[in-house]
Amino acid sequence: MLDLKFYVGKRVFVTGHTGFKGSWLCRVLKDLGAEVTGFSLEPPTDPSLFEISNVKEGMHSYIGDIRDFAALKECFDGAEPEIVFHLAAQPIVRDSYKDPKYTYETNVMGTVNILECVRLSGSVKSVVNVTTDKVYRNNEWEWGYRENEPLDGFDPYSNSKSCSELVTHAYNNSFFADRRVAVSTARAGNVIGGGDYATDRIIPDCIRAALGGKDIVVRNPHSTRPYQHVLEPVMAYLMIAAKQYEDSSYAGYYNVGPDEVDCLTTGSLVDLFCRIWGEEIGWIDRYDGGPHEANFLKLDCSKFKTVFGWTPSWNIEGAMRYTVEWAKCHRDGGDMGECMDRQISDFVAASDWIDK
């Protein structure tokens, strides 16, 4: 069980806190009573979840580049964190083709920099490095990848996250073998949820099209991916960090994804969005000749389920309903901070592995 009271008063450092997933993580941590410090670039989109939901209020927010070790260490040392969540990354596959050098600098050396801060710190007890399901060598097979499968992402983004995993393994072996610091990596599937405004992501594209009264353009409706609401991995990260803080034997490498039934083709996902959104929207199949992306990808999450007693709390239909609810609340001028808090409460209530 994840005891939510664990985080009361804990000093937590989050890289990438202005991003989509980072904003949700910081909102949950603040709700739980943690003392949160974030280090990140300016919000990556306009609008941004971080700004429209006022995530900054009640936390320490620092704008900086994860590649700048001196600036990161100054902020890190001032925070004296007990727990670290590393989310800062260049996260878009297509952008990694456009600027592979920046992608590797951010995703690989950014990981080195945060782990150096941890190595030189006397306060940290628990670290979670957030990577991706794309770290695996993709053989396009129909079963889920397990944590012991080879790491060899194809494109610069995926490969840079494979490298981030290897950096973490090396630091574990070289500097944290005594378990004074418990370090895990978490490999999550594709996430959806309110406040994602990124380019080249299918649900943000759907929402933009729906709000503009246009058909949704789908580049590859036959690709299969694991989809889950953003709160699924966020709460899983909190579970890992808390458990290994108390018992370092929980440190490891974990897949965090949906059940197999929620591994969908992109076309099926867009059909679901259109049905839940309503208002007579549709989509068109239009391949644009873009760079290589995997066609078939699943995760086997049996290790995480066995070790932590975790199961997904919302299926893909529930995840989509909450995503659409958030988008329409924002469209209609609602209080987005309250909307986030309400959805967090609903998620906790639906989760039988969270101690309320």
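Residues numbered from 1 in each chain as written. Predicted model: local features only at pLDDT ≥ 70, side-chain atom pairs only at ≥ 80, totals over all residues. Heavy atoms only, no water.

Re the packing of helix H1 (residues 20-31) against helix H12 (residues 336-350)
The following threshold applies: Each axis is a line fitted through C-alpha atoms, taken for helices only over the stretch in contact, and angles between the N-to-C directions span 0 to 180 degrees. Helix numbering and strand numbering both begin at the N terminus, where a helix is a DSSP run of H or I of at least 4 residues and a strand a DSSP run of E of at least 2. Note that the term roughly parallel is reserved for angles under 35 degrees, roughly antiparallel for angles over 145, roughly perpendicular for angles of 65 to 115, and oblique for everything else. We call two residues in contact when some of their heavy atoms are within 4.5 Å. The residue classification treats Ala, Val, Leu, Ile, Met, Phe, Trp, Tyr, Cys and Pro as nonpolar and Asp, Glu, Lys and Arg as charged. All others, Gly included, are polar.
It is at 11 Å that the axes of H1 and H12 come closest, and there the two elements cross at 75°. Relative to H12, the element H1 is oriented roughly perpendicular. On H12, the residues touching Ser23, Trp24, Arg27, Val28 and Asp31 of H1 are Gly337, Glu338, Met340, Asp341, Gln343 and Ile344. Taken together, the residues that form the contact of H1 with H12 break down as four nonpolar, three polar and four charged.

Some points on the pairing of strand E7 (residues 182-188)
To keep things clear, this is the line we draw: Think of it in three bands: residues with accessible area under 20% of the maximum for their type are buried, residues over 50% are exposed, and the middle band is partly exposed, with areas taken using a 1.4 Å probe on protein chains only. For two strands to count as paired, DSSP must find a minimum of two bridges between them. When the strands point away from the viewer, a crossover counts as right-handed if the path from the first strand over the helix to the second runs clockwise.
For E7, the buried fraction is high: seven of the seven residues fall into the buried class. The side-chain alternation of E7 yields two buried faces, one formed by Ala182, Ser184, Ala186 and Ala188 and the other by Val183, Thr185 and Arg187. Pairing analysis gives five bridges linking strand E6 (residues 126-130) to E7, with the strands arranged parallel. Each residue of the ladder has a partner; that of valine 130, found in E7, is alanine 186. A crossover links E6 with its parallel partner E7, the connecting element being helix H6 (residues 156-175), and its sense is right-handed. For E7 and strand E11 (residues 253-256), the ladder comprises four bridges, and the chain directions are parallel. Counted as the bridge partner of threonine 185 is tyrosine 253 from E11.

Let's talk about unusual backbone geometry
What is expected of a backbone is that most residues other than glycine have negative phi and most peptide bonds are trans. Of note, the bond from aspartate 46 into proline 47 is cis; its omega dihedral lies within 30 degrees of zero at 5°. Its identity is not glycine, yet glutamate 80 carries a phi of approximately 45°, on the positive side. With respect to the helices, strands and loops of the structure, glutamate 80 is situated in the loop between helix H3 (69-79) and strand E5 (83-86). What makes glutamate 80 partly exposed here is its relative accessible area of 48%. At aspartate 200, a residue that is not glycine, the phi angle is positive and equals roughly 60°. For aspartate 200, the position within the fold is in the loop between strand E8 (190-192) and helix H7 (202-212). When its relative accessible area of 27% is taken as the criterion, aspartate 200 is described as partly exposed.

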